Amino acid sequence: MTTLTGTGLCLRAALRRDRLFWLCWIVVLALMPAFTAMKYDELIPAGSDPRLTLAPLAANPAMQALLGPAFDIYTKGGFTFWRAGGFTAIFAGMMTGFAIIRSTRAEEEAGRLELVRAGAIGRHAPLVAALLESLLGAVAAGVVTAAACMAAGLGTRGSLAGGLALTCCGLVMAGAGAVIGQVFESARTARAWTVGIVFGGMFMIRMMIDGAGTDSGRAWLRWAVPLEWGLLIRPWAGERWWVAALPLALFLALSLLALRLESVRDHGAGLRASRPGRARASVLLSGPFGLAWRLQRNGLIGWAIGLLVGAAGTGSIVSQTGASLARNPQLAEYLDRMGGSHDFEVSFYVAMLTILAGIAGVMAAVLIGSLHREEANGHLESLLATSVSRWRAAASHLVWALAAPVVLMVGVGALLPLSQARSDGDYSLIGQYARSAAALAPGMLLICGIAMALLGWLPRLFNLVWVVIGWTLFTTWFAALINLPASVARVQPWGYLSFLPRDTMDWTPFLVETGIAVVLVGVGLIGYRRRDITA
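Along each chain, residue indices are assigned from 1 in the same order as the chain's sequence is written. The model is predicted, so local features are restricted to residues of pLDDT at least 70 and side-chain atom pairs to those at 80 or more, both for listing and for counting; the totals for chains, interfaces and linings are taken over all residues. The side-chain figures draw on all heavy atoms in the structure; neither hydrogens nor water molecules are used.

So, the overall build of the chain
And step 1. Helix and strand counts for the chain come out as 23 helices and zero strands.
And step 2. Across the 535 residues of the chain, 51% fall into the buried class.
And step 3. Taken as a whole, the chain presents about 23,700 Å² of accessible surface, with 66% of it coming from carbon and sulfur. Where helices and strands are cited, they refer to DSSP runs of H or I of at least four residues and of E of at least two residues respectively, numbered from the N terminus. For each residue, the accessible area found with a 1.4 Å probe, counting protein chains only, is set against the maximum for its type, and the residue is called buried under 20%, exposed over 50%, and partly exposed in between. The Shrake-Rupley method, run with a 1.4 Å probe sphere, supplies the accessible areas, and residue values consider only the shown protein chains as cover.

Looking at the packing of aromatic side chains
And step 1. We call Phe, Tyr and Trp rings a pair once their centres come within 6.5 Å, taking the six-membered ring for Trp, and we label the pair stacked below 30 degrees between planes, edge-to-face above 60, and tilted otherwise. Going through the model one piece at a time under the given rule, you end up with 10 aromatic pairs.
And step 2. Seen in terms of ring centroids, F21 and W22 are 5.5 Å apart; in terms of plane orientation they differ by 90°. Their pairing is edge-to-face. For the residue pair F21 and W22, the accessibility class agrees, reading buried in each case.
And step 3. Ring geometry for W507 versus F510: centroids 5.3 Å apart, planes at 80°, classification edge-to-face.

Quick notes on helix 20 (residues 441–457)
And step 1. Here helix 20 contains 17 residues, and its C-alpha end-to-end distance of 25 Å stays within 8% of the 24 Å for a straight helix at 1.5 Å per residue.
And step 2. Burial of helix 20 is extensive: 14 of the 17 residues sit out of reach of the surface. Multiplying one less than the number of residues by 1.5 Å gives the expected span of a helix.

Considering the environment of V350
And step 1. Secondary-structure assignment places V350 in helix 15 (residues 344–376).
And step 2. Considered as a pair, V350 and G413 are 63 residues apart in the sequence and their alpha carbons are 9.8 Å apart.

Describing unusual backbone geometry
And step 1. L500 connects to P501 through a cis peptide bond whose omega is 0°.
And step 2. Relative to the helices and strands, P501 is located in the loop between helix 22 (486–489) and helix 23 (507–530).
And step 3. Its identity as a non-glycine residue notwithstanding, R234 has a phi of 60°, on the positive side.
And step 4. Counting through the fold element by element, R234 comes out in the loop between helix 10 (187–211) and helix 11 (245–263).
And step 5. Residue classification places R234 among the partly exposed residues on the basis of a relative accessible area of 23%.
And step 6. Even without glycine at this site, W236 takes up a positive phi of about 60°.
And step 7. Looking at the element boundaries, W236 is found in the loop between helix 10 and helix 11.

Concerning the side chain of S436
And step 1. Note that S436 resides in helix 19 (residues 428–438).
And step 2. Contact criterion: two residues are considered in contact whenever any of their non-hydrogen atoms come within 4.5 Å of each other. The residues contacting S436, other than those within four sequence positions of it, are L353, F499 and L500.

Points about the nonpolar core
And step 1. Here, nonpolar core means buried Ala, Val, Leu, Ile, Met, Phe, Trp, Tyr and Cys residues that are tied together by side-chain atoms lying within 4.5 Å of each other. Counting 54 residues, the largest nonpolar core has L353, M409, L440, W494 and Y528 as the members making the most contacts within it.
And step 2. Taken together, the elements giving at least two residues each to this core come down to helix 12 (288–315), helix 15, helix 17 (390–415), helix 19, helix 20, helix 21 (464–478) and helix 23.
And step 3. Residues contacting L353, with those up to four places away along its chain left out, are M409, V412, G413, L416, Y433, S436, A437 and L440.
And step 4. Within the second largest apolar cluster, 43 residues are counted, among which are F21, L166, L259 and L261.

Some remarks on the pattern of salt bridges
And step 1. Salt bridge, as used here: a side-chain nitrogen of Lys or Arg that lies within 4 Å of a carboxyl oxygen of Asp or Glu. Overall, the coordinates contain 11 salt bridges when judged by the stated rule.
And step 2. One salt bridge in this structure joins D503 and R502, with 2.9 Å as the shortest N-O distance.
And step 3. Under the relative-accessibility criterion, D503 is labelled partly exposed at 25%.
And step 4. Classification of R502 by relative accessible area gives partly exposed; the value is 28%.
And step 5. Within the structure, one salt-bridge network assembled from shared partners comprises R17, D18, R102, E107 and R112.

Notes on helix 9 (residues 156–183)
And step 1. Between the first and last C-alpha of helix 9 there are 41 Å, a value that for 28 residues agrees with the 40 Å anticipated at 1.5 Å per step.
And step 2. Across the 28 residues of helix 9, 23 count as buried, placing the element largely inside the fold.

Here is the structure:
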């Protein structure tokens, strides 16, 4: 028996367990560039010069910071990859990073990996199987995306390069996730670090480098950001196939490092040891609400920083981008459809509020999901064995899921127009968009209601809440791009709410949706009180 004995068995078990995870991620990633390609012919009519429309956009530093370097956006493939490739690459990295933590640290934390290793399974077999699974998932995502791009008429060579770029970004984060999983003993902390590395680290650095432009002398720094290596393959813009060797080498190096780190740590522990707690517990830990805060506080702080910094950074783009879009009627029309207004600034802010509200909805579902995880891990059963009732146990998590996203969205609404308010000297914009964000509160409450109702009555189907969120994010990003009928696009938590100042405040959908959310929360609490608690 060697340290790799049973790798094939672990790989087959992981693929069977995670097949739905991979299917959903890969399908969504493949559709993003394909749908973008379909829009190019409408954006650039046949016989027109794409440079007249796209040249100002390609030269705009704010758009380069947001979307990445514009190598050649005057072709259908080049524009497609510039518009969707960067975001698709980010999500590919999230996919593989989460997948490898799911197969290693989460399984170890839950105690299942210990049972697996009790058989004829080598020490490194589960980790190697997880690395192979992530490698296969990244390759599958690249192949399916390339096939979707070819089906959209983007050509074989560029499509294969685009799929390879996606695979490369997946490999970078697969290796990073394997190392992170060895450092921390909590899967939640490992996932938070993965998100921080992708968005708080590499994405922000990439934005600063690309936003400076090619004439700043900083373009060479792109090679120091692994997340940008996929973009530097330059699909549909003079492909550089050799760049793929960089992420592959990094993946192999990080995989070997992860195996080495696994050899020197104890099972169930991380390289970063947990700090010893205080001799006496805080007064807050004397009840379930304080315990829920202790469990949620790191996540809440991370979500707050991400949303507020993202709002402030996104809002600074509008003053630089508005003039360019004003000279491009087709692009301005697209933003009009996305934001629902002929005023560019209003459309931009409304579109950004819609996107950020969807992210806040993800936050609400994650916070409710923590109650589900506490039950699945067996921790809730110990809590309920005391004098704590089910109502209080559920409410201790529910209160954060209901309040935190709403409060953060008001902060997002206030920060989003801050740069424009400073530029124009009109600080009333801050209050105006803070009220606009507050008017979207019923959407987040409705997601909490759906999640609580599922948790109370159908806990095995709790993941259906992610279907609702996935559909919401899809309509937010792509409804205007593919001309989705308004009657279909509005079937989501924010579809019927008023977006100030684009709309006048309509209290009927606000109150009706809030009422539905309250009823669903109540129904979920009733079901939660009546059903069995299972670990």
